[in-house]
Amino acid sequence: MENQNNQQNRQQKNPQTADQTQTAWTNDSRLSGIDPAKLQMLLSLSGQGAGKNQNELMPFLLSAASRSRENGMTFSPQETDLIIEVMKQGKSKEEIAKIDKIRMMMRLLK
């Protein structure tokens, strides 16, 4: 919790740094083989989901996944694994645990 508060304080003091941190994962060279439109969609979703608590996040993600499928945008299991691994970099153990928990719940709902 303290780590999250420190991060929020840093973001409030320097919003440009927060924005850069929010988008830095999209520049990871390991993602170079993924369609830029998919990365842009993920970046948009990460911005929209940033302020949501855990109870709000699951319905948001399910809705986003449904909309992307309806629009013909799907991710292979390899793309999904790679994106999630890149997004975990620099996160606290607590944040990584949340990511893993949400991912596990998403797999159960498929």
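Residues numbered from 1 in each chain as written. Predicted model: local features only at pLDDT ≥ 70, side-chain atom pairs only at ≥ 80, totals over all residues. Heavy atoms only, no water.

**A word on the packing of helix H4 (residues 54–70) against helix H6 (residues 93–109)**
Okay, step 1: At a minimum axis distance of 11 Å, the contact between H4 and H6 shows a crossing angle of 45°. Between H4 and H6, the angle is such that the two are oblique. Crossing geometry of H4 relative to H6 is assigned as right-handed. Contact residues: Gln54, Leu57, Met58, Leu61 and Leu62 in H4; Lys101, Ile102, Met105, Met106 and Leu109 in H6.
Okay, step 2: Residues belonging to the contact of H4 with H6 are distributed by class as follows: eight nonpolar, one polar and one charged. (Axes fitted to C-alpha atoms, helices over the stretch in contact; angles between N-to-C directions. Helix = DSSP H or I, 4+ residues; strand = E, 2+ residues; numbered from the N terminus. Parallel < 35°, antiparallel > 145°, perpendicular 65-115°, else oblique. Left-handed = near helix turned anticlockwise from the far one by under 90°. Contact = heavy atoms within 4.5 Å. Nonpolar A, V, L, I, M, F, W, Y, C, P; charged D, E, K, R; others polar.)

**Observations concerning the pattern of salt bridges**
Pairing between side chains of opposite charge can happen when the charged atoms of each approach one another.
Okay, step 1: All told, the structure shown has six salt bridges when counted by the stated rule.
Okay, step 2: Put simply, Asp28 and Arg30 hold a salt bridge, and the shortest N to O gap is 3.0 Å.
Okay, step 3: Lys88 is the salt-bridge partner of Asp100, the closest N and O atoms lying 2.6 Å from each other. Of this pair, Asp100 sits in helix H6 while Lys88 sits in helix H5 (residues 77–88), and the two are 12 residues apart along the sequence.
Okay, step 4: When salt bridges that share partners are traced, they join Asp81, Arg103 and Arg107 into one network. (Salt bridge = Lys/Arg side-chain N within 4 Å of Asp/Glu carboxyl O.)

**Some details on helix H3 (residues 36–49)**
Okay, step 1: An ideal rise of 1.5 Å per residue puts 20 Å on 14 residues; H3 measures up with 20 Å between its terminal C-alpha atoms.
Okay, step 2: Every buried residue of H3 is accounted for by Lys38, Leu39, Leu42, Leu43, Leu45, Ser46 and Gly49. Within H3, the buried residues cover an arc of 165° as seen down the axis, which keeps them to one side. H3 presents Pro36 and Gln40 as exposed residues on the side facing more than 90 degrees away from its buried surface.
Okay, step 3: Near the N-terminus of H3, the side chain that reaches the backbone nitrogen of Ala37, with its oxygen 2.9 Å away, is that of Asp35. (Expected span 1.5 Å × (residues − 1). Buried < 20%, exposed > 50% of the residue type's maximum accessible area, 1.4 Å probe, protein only. Arc of directions from axis to C-beta. Polar contact = N/O pair within 3.5 Å; in protein donor to acceptor, adjacent residues only side chain to side chain.)

**A short note on the confidence of the model for the protein chain**
Okay, step 1: On average, residues of the protein chain score 78 in pLDDT, and 78% of them reach the 70 mark or higher.
Okay, step 2: Ranking the elements of the protein chain by mean pLDDT puts helix H1 (residues 2–13) last, at 47, and H5 first, at 87.
Okay, step 3: Low confidence marks residues 1–17, where pLDDT is under 50. Its contacts with residues over four positions away, or in another chain, come to four contacts. (pLDDT = per-residue confidence, 0-100.)

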